[in-house]
There are 2 protein chains.
Amino acid sequence: MAPHLADWRGRYVGSALAVVKPADTRQVAAVVRACAAANVPMVPQGGNTGLCGGATPLPDGRSVVINLSRMNRIRSVDAANNALIAEAGCTLAAVQQAADAENRLFPLSLASEGSCLVGGNLSTNAGGVQVLRYGNMRDLVLGVEVVLPDGRIWDGLRALRKDNTGYDLKQLFIGAEGTLGIVTAAVLKLFPRPRARATAWLAVPHPAVAVELLGFLRARCGERVTAFEIVGRAALELVLRHIPGARSPLAGDHGWCVLLELTDTLDAQALDAMLESAIAAALDTGLVTDTAIAASVAQAAALWALRENISEAQKIEGVSIKHDISVPVSRIPEFLERAHAELTAMWPGVRIVAFGHIGDGNLHYNLSKPDALDNAAFVSRTAEVNRVVHDLVASLQGSISAEHGLGQLKRDENARYKSDLELELMRAVKSAFDPRGLMNPGKVL
Amino acid sequence: MAPHLADWRGRYVGSALAVVKPADTRQVAAVVRACAAANVPMVPQGGNTGLCGGATPLPDGRSVVINLSRMNRIRSVDAANNALIAEAGCTLAAVQQAADAENRLFPLSLASEGSCLVGGNLSTNAGGVQVLRYGNMRDLVLGVEVVLPDGRIWDGLRALRKDNTGYDLKQLFIGAEGTLGIVTAAVLKLFPRPRARATAWLAVPHPAVAVELLGFLRARCGERVTAFEIVGRAALELVLRHIPGARSPLAGDHGWCVLLELTDTLDAQALDAMLESAIAAALDTGLVTDTAIAASVAQAAALWALRENISEAQKIEGVSIKHDISVPVSRIPEFLERAHAELTAMWPGVRIVAFGHIGDGNLHYNLSKPDALDNAAFVSRTAEVNRVVHDLVASLQGSISAEHGLGQLKRDENARYKSDLELELMRAVKSAFDPRGLMNPGKVL
């Protein structure tokens, strides 16, 4: 059972009565009925790639882990309706491939896509690098099939773009981290597959200019702006230091860079021309100070590798204190400025590794230790650092968990920042669906 | 009080203890507290343009109508975050204008936009003609402010693109038709404003070909396909007969036509070229049999008027039996074929006026009486017709209310088609939020 009792990052190690791997929805329902009858808590689990311990059982050993990985069928693809039905145990990559085979795009894209499962994507309302254009997982779901906490199966697998016949119950299960029921399948939206992709690495003088540049590019290029990721100097330096073969795309020293990607159904030449003319205009007006445009698929992949290897490089560098925050896009510059000022005043020499989905107002705002400090001393300041970062986020009407969810990691932190009224409404929903509290206890609430 | 006691179509006439028009959220909360204390039911009301009697009080005269029209401020616009905060009493047109003033688009667009209010758009999850590209109202909302049934104010006015800190409560209020609380303000998403628009009227040999054409166009033009509306022959004939100045865009007799609109941030010339080349290819392959491309804004408006005047023309023609259905886009041809066969077999001579948002799988499927029949005799067959149409929709996993909601009109019909389990879950939500059933009784559930 061991691989199913600990989380991927090794932060949480739990215990369980059993790990079960049902093969279909009826088996899930049978397991849930049995657990409910015996008053045994249940922990739904997908690819176990979550970052907040949402899929790890508690250490009390009272619960049963229900792992969905055997439910890995694509039940159907309806290209004319731009939709497919995937079971919860399909990997995200398998869904992408099923769409691709029908000349369609399933746009959710994140680092763990080869191993994370659709049920987990849905239960955590996963984000990633194309949210700017296509939205979060919530925006990509038309319908769901759910085994309720008493073992009954709710068939909400509707494949409709418009349906106003009462409360949209599926929304409750999306992002609920398995605390209201077990999602066993979903109807997912497909999109036209882009034919052209144009990628560039841009130096910007300041995060405020990055925000301005985003508005400039969207006005010119519209929804072609598919990814707009910011990378701070310290983040890039870690990648260049630790990742073999990584090279800086630009000469000189730049405080902030942006990884930009446009996609379109146009031919590649037309999109390249649009990218080049947009960047030329941005250089003219000082929104961009230097640029490297990918001239091949390999060069584009190299630029993406710089962005995608930041977490890995930070891991090699040593321990870190991480945040997954969001604020309104317009407040990003203020957040970065104030957080930097407060943290460096409190803790001289600390290194701030900031990067992420600035187009969504979502930053991964991490701290690496000053070289001299030992790991334990560094980590012991986590709560103090969280208070600074999260208080600031709250004062900017932001979120302390933009795309990773709450799980065990941020449950108590969330209770500090949510209003009592909102927590009360959340508990009312929980009680309405799971009055005995058997679904994934200790998570979210 | 009279204008607030009947619905716009004159189908429902209710009675109320009072109509109140609060000027701000605190006044709404005060009214709700007073009603709750006195155990008086409340009926939230916006522009009173709904089609299902959702905003009309019941005839029992026990309730208070809370009309939000005085709450008509745009509280703020944050162009860099592509969001604005509108109070529930803003007209949809006022929101569109506020976005436009900042060089942004608020894409929700429907016939009543000059008089319908944001609170109603949100409470009915309104649809309209640009859902294909931008989604329903639900997809356009980032946050809400709600006065709960006990008068407490929930401030959920977050302006975040990513926020995974618990159940997404706002989703419950969207589309709830005022049965869970009163939405007083919302954070709405803005988009880059298209600079170019290209419009065409296309004859297609069959609805199945229209569906194929949609896939063809989306593969070529991507998200530029902003509207894709089907108009059946009988619908066009009514407009040509009753609307002064209406002219058929095409010579000859065509069973089905499509109104297509592309928009883009490109310049107009480039978009026109894309439309022309796409249509040329569609003519070559027989997906389109004849076409009229708008050469001016006035010509585009004339094409749109043909589509938008169908309801008006049908009203002039006489009484009709209407449906607002959706099925998966791929099932539209089957729906049209089977519904036509069943209805004409049951009722020889009945005229079927079918049109609507085929790109969303949503048809307005209406029947006009055979000339000889009197109104009462015609209308008396409504239930019988509904059974045929809605049974067929249910067999195709469709929805009996795609974009208009349930209100009073479809409450019982919905109970016939929803599963007992789903109705039970809906009632559990209702009980959790409004245990005394004071919010808009008799609607939805």
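These numbers come from a predicted model, not from an experiment.

(A) Fine view of the overall build of chain A. Within chain A one finds 15 helices and 18 strands. Relative to the globule expectation of 22 Å for 445 residues, the C-alpha radius of gyration of chain A, 22 Å, shows essentially globular dimensions. Dimensions along the principal axes, computed over C-alpha positions, put chain A at roughly 70 × 55 × 40 Å. Among the 445 residues that make up chain A, the fraction classed as buried is 60%. Long-range contacts, defined as pairs at least 24 residues apart, comprise 73% of the intrachain contacts of chain A with a sequence gap of at least 6. Across chain A, the 44 positively charged side chains and the 46 negatively charged ones have centroids separated by 5 Å.

(B) Molecular detail of the side chain of Gln 96 of chain B. All names here are of chain B. Inspection of the secondary structure assignment puts Gln 96 in helix H2 (residues 92-101). You can call Gln 96 buried: its relative accessible area is 19%. Looking at Gln 96, its side chain comes within polar contact range of the side chain of Glu 113, at 3.2 Å.

(C) Inspection of unusual backbone geometry at higher detail. All names here are of chain B. At Asn 82, a position not held by glycine, the phi torsion is positive, near 50°. Of note, Asn 82 is situated in the loop between strand S4 (74-78) and strand S5 (83-87). The phi angle at Val 444 is positive, at roughly 65°, despite the residue not being glycine.

(D) Here's a closer look at the environment of Leu 188 of chain A. Residue and element names in this part refer to chain A. By secondary structure assignment, the location of Leu 188 is in strand S9 (residues 182-189). For Leu 188, a relative accessible area of 0% puts it in the buried group. Here the alpha-carbon distance between Leu 188 and Gly 120, two residues 68 residues apart in the chain, equals 14 Å. Among all residues touching Leu 188, those that are not within four sequence positions of it are Asn 82, Ala 83, Leu 84, Ala 86, Val 95, Phe 106, Val 118, Met 137, Leu 140 and Val 141.

(E) The arrangement of the sheet that holds strand S2 (residues 42-45) of chain A in detail. Residue and element names in this part refer to chain A. The strand order S1-S3-S2 describes an open sheet built from three strands, whose pairing is parallel. At either margin of the open sheet sits one strand with a lone partner, and together these are strand S1 (18-20) and S2. Across the sheet, the axes of successive neighbouring strands diverge by a mean angle of 20°, strand direction being ignored. As paired strands, S2 and strand S3 (residues 64-67) are joined by four bridges and run parallel to one another. Residue pairing in the sheet places Gln 45 in a bridge with Asn 67 of S3.

(F) Main features of the interface of chain B and chain A. Each partner contributes residues to the interface: chain B has 80 residues there, and chain A has 80 residues. Of the roughly 6,600 Å² buried between chain B and chain A, counting both surfaces, carbon and sulfur atoms make up 53%. In this assembly, chain B and chain A are joined by 14 salt bridges. Asp 360 of chain B is the salt-bridge partner of Lys 162 of chain A, the closest N and O atoms lying 3.2 Å from each other. Our count for the chain B to chain A interface comes out at 52 residue pairs in polar contact (both at pLDDT 80 or more). Element by element, the count of residues in the side of chain B that touches chain A is highest for helix H15 (residues 420-433) of chain B, at 10 residues. Tallied by class, the residues present in the side of chain B that touches chain A amount to 34 nonpolar, 26 polar and 20 charged.

(G) View of the packing of helix H11 (residues 332-346) of chain A against helix H13 (residues 382-395) of chain A. Residues and elements named next belong to chain A. Running from N to C, H11 and H13 cross one another at 155°; their axes reach a closest spacing of 10 Å. One finds that H11 runs roughly antiparallel with respect to H13. Read as a crossing pair, H11 and H13 show a hand that is right-handed. Contact with H11, carried on its side by Phe 335, Arg 338, Ala 339, Glu 342, Leu 343 and Met 346, involves Glu 384, Val 385, Val 388, Val 389, Leu 392, Val 393 and Ser 395 of H13 and no other residues of that element. Its residues assigned to classes, the contact of H11 with H13 comprises nine nonpolar, one polar and three charged.

(H) Geometry of the relation of the copies chain B and chain A. Superposing chain B onto chain A takes a rotation of 180° plus a shift of 0.0 Å along the axis, which leaves an RMSD of 0.0 Å. The superposition operator between the copies reduces to a two-fold rotation axis. Of the interface residues in chain B, 100% have counterparts in chain A that sit at the interface too, so the contact is made through matching surfaces.

(I) Fine view of helix H11 (residues 332-346) of chain B. All names here are of chain B. Here H11 spans 21 Å end to end across 15 residues, near enough to the 21 Å set by a 1.5 Å rise per residue. All of the buried residues in H11 are Ile 332, Pro 333, Phe 335, Leu 336, Ala 339 and Leu 343. Viewed end-on, H11 has its buried residues packed into an arc of 160°, placing them on one side of the element. In H11, those exposed residues whose orientation departs by more than 90 degrees from the buried face are Glu 337 and Ala 345. Those residues of H11 that are buried lie in contact with helix H6 (207-221), strand S13 (256-264), strand S16 (324-326), strand S17 (351-357), strand S18 (362-368) and helix H13 (382-395).

(J) Highlighting the nonpolar core. Among the nonpolar cores identified, the biggest contains 84 residues, and Phe 106 and Leu 188 of chain A together with Phe 106 and Leu 188 of chain B are the most heavily contacted of them. Other than its neighbours up to four places away in sequence, Phe 106 of chain A contacts Leu 92, Val 95, Gln 96, Ala 99, Met 137, Leu 140, Leu 188, Lys 189 and Leu 190 of chain A.

Calculation rules
- Residues numbered from 1 in each chain as written.
- Chains lettered and ligands numbered in written order.
- Predicted model: local features only at pLDDT ≥ 70, side-chain atom pairs only at ≥ 80, totals over all residues.
- Heavy atoms only, no water.
- Helix = DSSP H or I, 4+ residues; strand = E, 2+ residues; numbered from the N terminus.
- Rg over C-alpha atoms; globule rule 2.2 N^0.38 Å.
- Buried < 20%, exposed > 50% of the residue type's maximum accessible area, 1.4 Å probe, protein only.
- Contact = heavy atoms within 4.5 Å.
- Lys, Arg positive; Asp, Glu negative; His and termini not counted.
- Charge placed at Lys NZ, Arg CZ, Asp CG, Glu CD.
- Polar contact = N/O pair within 3.5 Å; in protein donor to acceptor, adjacent residues only side chain to side chain.
- Pairing = 2+ DSSP bridges.
- Axes fitted to C-alpha atoms, helices over the stretch in contact; angles between N-to-C directions.
- Buried area = accessible area lost by both parts, 1.4 Å probe.
- Salt bridge = Lys/Arg side-chain N within 4 Å of Asp/Glu carboxyl O.
- Nonpolar A, V, L, I, M, F, W, Y, C, P; charged D, E, K, R; others polar.
- Parallel < 35°, antiparallel > 145°, perpendicular 65-115°, else oblique.
- Left-handed = near helix turned anticlockwise from the far one by under 90°.
- Least-squares fit on C-alpha atoms with pLDDT ≥ 70 in both.
- Expected span 1.5 Å × (residues − 1).
- Arc of directions from axis to C-beta.
- Core = buried A, V, L, I, M, F, W, Y, C linked by side-chain atoms within 4.5 Å.

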